[in-house]
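Descriptive structure summary
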Amino acid sequence: MSLLEKSGAEIDAIIARYPQKRSAVLPLLYLAQDEYGYLTDAAMREVATILDLPPTDVFEVAGFYSLLYEQPVGRWVLQVCDDVPCAFCGAEELIATIQERLGITVDQTTADGMFTLQRVKCLADCNHAPLLQANLEYHRDLTTPQQVDQLLAALRRRAESGEKLSISGRYAEQ
Ligand code: FES
């Protein structure tokens, strides 16, 4: 089923927010990667067709933004801030614990497709260091392995419960 068939009403609503159709390229790419799990070549071409854009324009946008994924990622993308204030407060220990618990290293995805781990720079919430965002939801003050265990278990439960997740972070503020 095509993106338009699956999410036609939502796509129309997104496009209606902008004076020019082409300005909807980012929200449509976020929607597409949520539908397909990542931005496949076909998904990007679909977005280009919907917006009457040359596919190369869409490929360029997808290649520029770090929150657009051109390779498969997990249902939860865990982005740990490793910038200086977080590093002083235990970011490396946090990353090490996640790696150990999930059996992956940074930029890898668990075999069950549940989690991808990434490093990112300042998330602008340094007073709650160390922290991570999971599909752009903030999880703060993660100073102990027990907190990591609780967080990973809670995220796994949410995914398994059938909750609608967005690797693009489209539900992060709801
Ligand atoms: S340095 Fe980590 S949130 Fe700012």
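Definitions and cut-offs
Position labels on residues start from 1 in each chain and follow its written sequence. The predicted origin of the model limits local features to residues at a pLDDT of at least 70 and limits the giving and counting of side-chain atom pairs to 80 or more, whereas totals for whole chains, interfaces and linings rest on all residues. Heavy atoms throughout the structure, all of them, feed into the side-chain values; hydrogens and water do not. Only runs of H or I of at least four residues qualify as helices and only runs of E of at least two qualify as strands under DSSP, and these elements are numbered from the N terminus. Using C-alpha atoms as the atom set, the radius of gyration is obtained and then compared with a globule rule of 2.2 Å times the number of residues to the power 0.38. When accessible area is computed with a 1.4 Å probe and restricted to protein chains, residues below 20% of their type maximum are described as buried, those above 50% as exposed, and intermediate ones as partly exposed. In this analysis, two residues are considered to be in contact whenever any of their non-hydrogen atoms come within 4.5 Å of each other. The domain boundaries here were taken from an automatic or database domain assignment. Strand pairing requires that DSSP identify at least two bridges connecting the strands. The axes are straight lines fitted to the C-alpha atoms, using for helices just the contacting stretch, and the angles between their N-to-C directions are given from 0 to 180°. The term polar contact refers here to a pair of N or O atoms within 3.5 Å; inside protein, the definition further demands a hydrogen-donor-capable atom paired with an acceptor-capable atom, and it admits residues adjacent in sequence only when both atoms are side-chain atoms.

This brings us to the overall build of the chain. For the chain, the helix and strand inventory stands at seven helices and four strands. Along the chain direction, N to C, the helices and strands of the chain fall in the order α-α-α-α-β-α-α-β-β-β-α. Scaling as 2.2 N^0.38, a compact globule of 174 residues should have a C-alpha radius of gyration of about 16 Å, and the chain matches this with 17 Å. Projecting the C-alpha coordinates of the chain onto the three principal axes gives extents of approximately 50 × 30 × 25 Å. Sorting the 174 residues of the chain into buried and exposed places 44% on the buried side. Expressed as a percentage of contacts within the chain between residues at least 6 apart in sequence, the contacts between residues at least 24 apart total 62%.

What follows is about the domain arrangement of the chain. Each assigned domain of the chain is listed with its residue range as follows: domain 1 (3-64) and domain 2 (76-160). Between the C-alpha centres of domain 1 and domain 2 the distance comes to 29 Å.

The strand order across the open sheet formed by four strands is β2-β1-β3-β4, and the pairing between neighbours is mixed. On the outer flanks of this sheet lie β2 (115-120) and β4 (137-139), each paired with one strand and no other. Shown here is a sheet whose adjacent strand axes are inclined to one another by a mean of 25 degrees, direction ignored. Inspection of the sheet shows strand β1 (residues 76-81) paired to strand β3 (residues 132-134) by three bridges, in the antiparallel sense.

Position of Thr-105 among the secondary structure elements: in the loop between α6 (91-102) and β2. Thr-105 sits in the partly exposed class, given a relative accessible area of 40%. For the pair Thr-105 and Cys-126, spaced 21 residues apart in sequence, the C-alpha separation works out to 24 Å. Filtering out sequence-adjacent residues up to four positions away, Thr-105 remains in contact with Gln-99 and Leu-117.

We now examine the environment of Arg-156. Relative to the elements of secondary structure, Arg-156 occurs in helix α7 (residues 145-160). Put simply, Arg-156 and Met-114 are 42 residues apart on the chain and 7.3 Å apart in space, counted from C-alpha to C-alpha. Those residues in contact with Arg-156 that sit more than four places away from it in its chain are Trp-76, Leu-102, Asp-112, Met-114 and Phe-115. Here the side chain of Arg-156 touches Asp-112 through a polar contact of 2.8 Å, side chain to side chain.

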